[in-house]
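Each chain is listed here by its residues.
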Amino acid sequence: MLIRHRRMKWEASMNNDSLSRRNVLKIGAASVIGVMTGKLYAAEQIKKEMNMAMGKNIGSMSAFTGVFENGQYTLPPLPYGYDALEPMYEAQTLKIHHDKHHAGYVKGLNSTLSKLADASKAGDFAAIKCLSIDLAFNGSGHILHTLFWHSMKPGGNGGQMPAELKAALDESFGSADSAQAQFAAATKAVEGSGWGVLAFEPVAGKLLVLQCEKHQNLTIWGVVPLLVCDVWEHAYYLKYQNNRGEWVDNFMKLANWDFAAQRLAAAKTCAAELRK
Ligand SMILES: [Fe+2]
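Computed from a prediction, not measured in an experiment: that's the story for all the values here.

**Structural notes on empty space enclosed by the protein**
Under the definition given, this model contains 1 cavity of 30 Å³ or more. Empty space within the largest cavity amounts to approximately 30 Å³. Among the elements that line the lining of the largest cavity, the one with the most residues is helix α7 (residues 176-188), at 3 residues.

**Structural notes on the nonpolar core**
Counting 59 residues, the largest nonpolar core has Leu198, Leu207 and Trp247 as the members making the most contacts within it. Sorting elements by how many residues they give to this core places helix α10 (residues 257-274) first, with 7 residues. Those residues in contact with Leu207, other than ones at most four positions away along the chain, are Leu165, Ala168, Leu169, Ser172, Phe173, Leu198, Ala199, Phe200, Leu226 and Leu264. Membership of the second largest hydrophobic core comes to 8 residues, among which are Tyr73, Val106, Leu116 and Leu131.

**Comments concerning the coordination of the iron ion**
Note on the iron ion: its protein donors are His97 (NE2), His145 (NE2), Asp230 (OD) and His234 (NE2). The metal-donor distances range over 1.9 to 2.1 Å. Around the iron ion sit 4 donor atoms, and with donor-metal-donor angles ranging over 88 to 129° the site reads as tetrahedral. The sequence motif formed by the donor residues of the iron ion is H-x47-H-x84-D-x3-H. Here His145 lies in helix α5 (residues 128-150) and His97 lies in helix α4 (residues 91-122), a separation of 48 residues in the sequence.

**Quick look at the packing of aromatic side chains**
Scanning the model with the defined rule gives 12 aromatic pairs in all. Their ring planes at 65° and their centres at 5.7 Å tell us that Tyr105 and Phe137 sit as a pair that is edge-to-face. Taken together, the positions of Tyr105 in helix α4 and Phe137 in helix α5 put the pair 32 residues apart, joining distant regions of the chain. In this pair, the class of Tyr105 matches that of Phe137, namely buried. With centroids separated by 6.3 Å and ring planes inclined at 75°, the aromatic side chains of Phe148 and Trp247 adopt a geometry described as edge-to-face. Taken together, the residues span a long stretch of sequence, with Phe148 in helix α5 and Trp247 in helix α9 (residues 244-254) at a distance of 99 residues. By relative accessible area, which is 0% here, Phe148 ends up buried. Relative accessible area serves as the criterion here: at 0%, Trp247 is assigned to the buried category. In this structure an aromatic cluster arises from ring pairing among Tyr89, Phe148, Trp149, Phe183, Trp195, Tyr240, Trp247 and Phe251. In this structure, Lys239 packs its charged tip against the face of Tyr240, placed 5.6 Å from the ring centre.

So, how was this worked out
- Residues numbered from 1 in each chain as written.
- Predicted model: local features only at pLDDT ≥ 70, side-chain atom pairs only at ≥ 80, totals over all residues.
- Heavy atoms only, no water.
- 1 Å grid on protein atoms, 1.4 Å probe; cavity = no way out; pocket = protein on both sides within 12 Å on 5 of 7 lines; lining within 4 Å.
- Points joined across faces, edges and corners; volume = space filled by probe spheres on them.
- Helix = DSSP H or I, 4+ residues; strand = E, 2+ residues; numbered from the N terminus.
- Core = buried A, V, L, I, M, F, W, Y, C linked by side-chain atoms within 4.5 Å.
- Buried < 20%, exposed > 50% of the residue type's maximum accessible area, 1.4 Å probe, protein only.
- Contact = heavy atoms within 4.5 Å.
- Donors = N, O, S within 2.8 Å, 3.2 Å for Na, K, Ca; no water.
- Tetrahedral: all angles 85-135°; square planar, octahedral: opposite > 155°, others 65-115°.
- Phe/Tyr/Trp six-rings, centres within 6.5 Å; stacked < 30°, edge-to-face > 60°.
- Lys NZ or Arg CZ within 6 Å of the ring centre and 35° of its normal.

These results come straight from atomic positions and should not be treated as a statement about function.
And the structure:
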């Protein structure tokens, strides 16, 4: 309850010109709060939390427009056209990735929540282990893919990086170049399917590079993803086949550091509140 109270304080403190940053943080906060309150598997509770966290600003031009509407998770539109990231990321892969794979996680998440609600009504949690796995898998898949679309932009940042983000990377990794090298190396070395994640860890207030297996394994609870790179084969195999390294190198050229910087600023605000 303390965490929830602090989150409410934090929500109240956020100003109105940071809609995208606010929505992004709320996704992570709602997920963490769902776990920490011990009600992870109560579907209605999670939907309520997420609705509280995200619903108010749906319809605004934020990074999370179209992620959750009318009580259901929804497939958000891409922030650019299918061919906007050519030639690093070809249109056919982008279309299948977004329209089929991401859509599948959205469908799986809603279906799992419905099954959890039925189980709760019936008082029958015989399938809770399977449903819990499905919830984490599809929920993390939905959130990470939403972040992924915004983690790239046509032309990338053109070699530029916002000063505040660069300073944070310098402090946590020695230099921004070292941070990018670690991000690329860790992403290439993900075992099996998963993600490379640049994240803000609010306890120490530092940035970390994490590997994520599948969509949900090997995380640190409470971190806020700033930039993510998908290294599931469906993300790159049509063009790059088994050459994951070339895909990651090209992702780095598309990296949207402005997006990462916005999320870092919001994460710092949230962390300051949580540490009070
Ligand atoms: Fe993917």
